[in-house]
Amino acid sequence: MITTDITLIRERLNQGELIGLPTETVYGLAANVFNSKAVANIFTTKQRPTTNPLIVHVASISQARALVKRFPEKANLLAKQFWPGPLTLILPKNQSVSHAVTANQENVAIRIPNHPAAINLLNQLDFPLVAPSANPFNRISPTTAAHVDAYFPSIYTLDGGACQSGVESTIVGFEGDEVVLLRHGAISIESIEDCVGRILNRTAATEHASLPGQHKKHYAPSCELIVTYEPLFMLSTVKQKKVGILWYTSVQIESIHVDVNLVLAPTGDLAEAAKNLFAALHTMDQMGLDLIIVERLPAYGLGITINDRLDRAATK
């Protein structure tokens, strides 16, 4: 159920219900961080393992500080540079944050979303929100209210338009004085290093992820997906399948064996490609294809993030 009535959304949250929350990254499935039943309902509704922690969304740095024991100096630098924005910080939680939110870990994931509707809502609440992406576990992340409504039609979703970043937040943690990259996201490694200097990279996927979005299989359509630098060569190996190709900047050659061609970024802008990625996958997923072939993007900047999402989506 899609709505623009923020009062209705606020009432649902105050009653312990789940709602669809627009952010600049993707839409979240949101609930009161301090309501244990609502938090449990997120895991149940998404069919998400309880071992996979949730990200807490706050309205201000002061609200973030109220949830943690320590806020390292480099965390403060990053928060001042990138909040509100698509950067999640992993910080030592205090007792106000339940272990259900953090999957029994002593650290909590926190960010301030950079979306006017989300900030407006958070400022009207007496509590922060937990808000993992509003999709069933391992499925394509939603970047419009309609995507959320298709997944969860009985839940009210606040319509905030199409997401501007289109991919999830970058996640970083801290080890002593070192900043550690834990998940590729909408802010590039280069941008973070421009702020705090060289960082450690520990973004390997795992079957038993202790961070949001780190499972080997994630963001997947209902059909098979293959990522390759040579889509047409890959097409030549496919027989008698209904195929769609998702290109980076242009359709290289039209083929009678391809049912649909879509282009992520005609300008070659990686930010444009990131914004369009999940929407394009949703479109193709609704076409009854047997196979989606995706052209791999350049391995720098947001291209690394997009390739990360595609590799997880392609995992069998």
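Residues numbered from 1 in each chain as written. Predicted model: local features only at pLDDT ≥ 70, side-chain atom pairs only at ≥ 80, totals over all residues. Heavy atoms only, no water.

As annotated in an unreviewed UniProt entry, the protein chain carries the name Threonylcarbamoyl-AMP synthase and is attributed to Aquirufa avitistagni. According to UniProt, the comment filed for the protein chain under the heading Subcellular location (unreviewed entry) is "Cytoplasm". The Catalytic activity (unreviewed entry) field of the UniProt record for the protein chain holds the comment "L-threonine + hydrogencarbonate + ATP = L-threonylcarbamoyladenylate + diphosphate + H2O". (UniProt positions renumbered as here; feature names shortened; annotations may be inferred.)

Novice: Would you mind going over the overall build of the protein chain with me for this structure?
Specialist: Counting its regular elements, the protein chain contains eleven helices and 15 strands. The C-alpha atoms of the protein chain give 19 Å as radius of gyration, which agrees with the globular expectation for 316 residues (20 Å, within 12%). Considering only C-alpha atoms, the protein chain reaches an extent of 60 × 45 × 35 Å along its principal axes. Within the span of the protein chain, comprising 316 residues, buried residues form 58% of the whole. Sequence separation of at least 24 residues holds for 64% of the intrachain contacts in the protein chain that already meet a minimum separation of 6. Charge separation in the protein chain, taken as the distance between the mean sites of 26 positive and 28 negative side-chain charges, equals 6 Å. (Helix = DSSP H or I, 4+ residues; strand = E, 2+ residues; numbered from the N terminus. Rg over C-alpha atoms; globule rule 2.2 N^0.38 Å. Buried < 20%, exposed > 50% of the residue type's maximum accessible area, 1.4 Å probe, protein only. Contact = heavy atoms within 4.5 Å. Lys, Arg positive; Asp, Glu negative; His and termini not counted. Charge placed at Lys NZ, Arg CZ, Asp CG, Glu CD.)

Novice: What exactly am I supposed to notice about the domain arrangement of the protein chain here?
Specialist: One widely used convention gives an interface's size as the accessible area the parts lose upon coming together. One can read the domain layout of the protein chain as domain 1 (2-208) and domain 2 (224-314). Across the contact, 24 residues belong to domain 1 and 16 residues belong to domain 2. Interface area, domain 1 with domain 2, both sides summed: about 1,500 Å², of which 58% is carbon and sulfur. Together, Ile140, Val167 and His184 form the three largest contributors to the area buried by domain 1 at its contact with domain 2, with a combined 34%. (Domains from an automatic or database assignment. Buried area = accessible area lost by both parts, 1.4 Å probe.)

Novice: What is the right way to look at helix 4 (residues 73-82) in this model?
Specialist: Because the α-helix completes a turn every 3.6 residues, residues three or four places apart line up on one side. What helix 4 keeps buried is the set Lys74, Ala75, Asn76, Leu78, Ala79 and Phe82. The inward-facing, buried residues of helix 4 contact helix 3 (61-65), strand 5 (87-92), strand 9 (170-175), strand 10 (178-183) and helix 8 (189-196).

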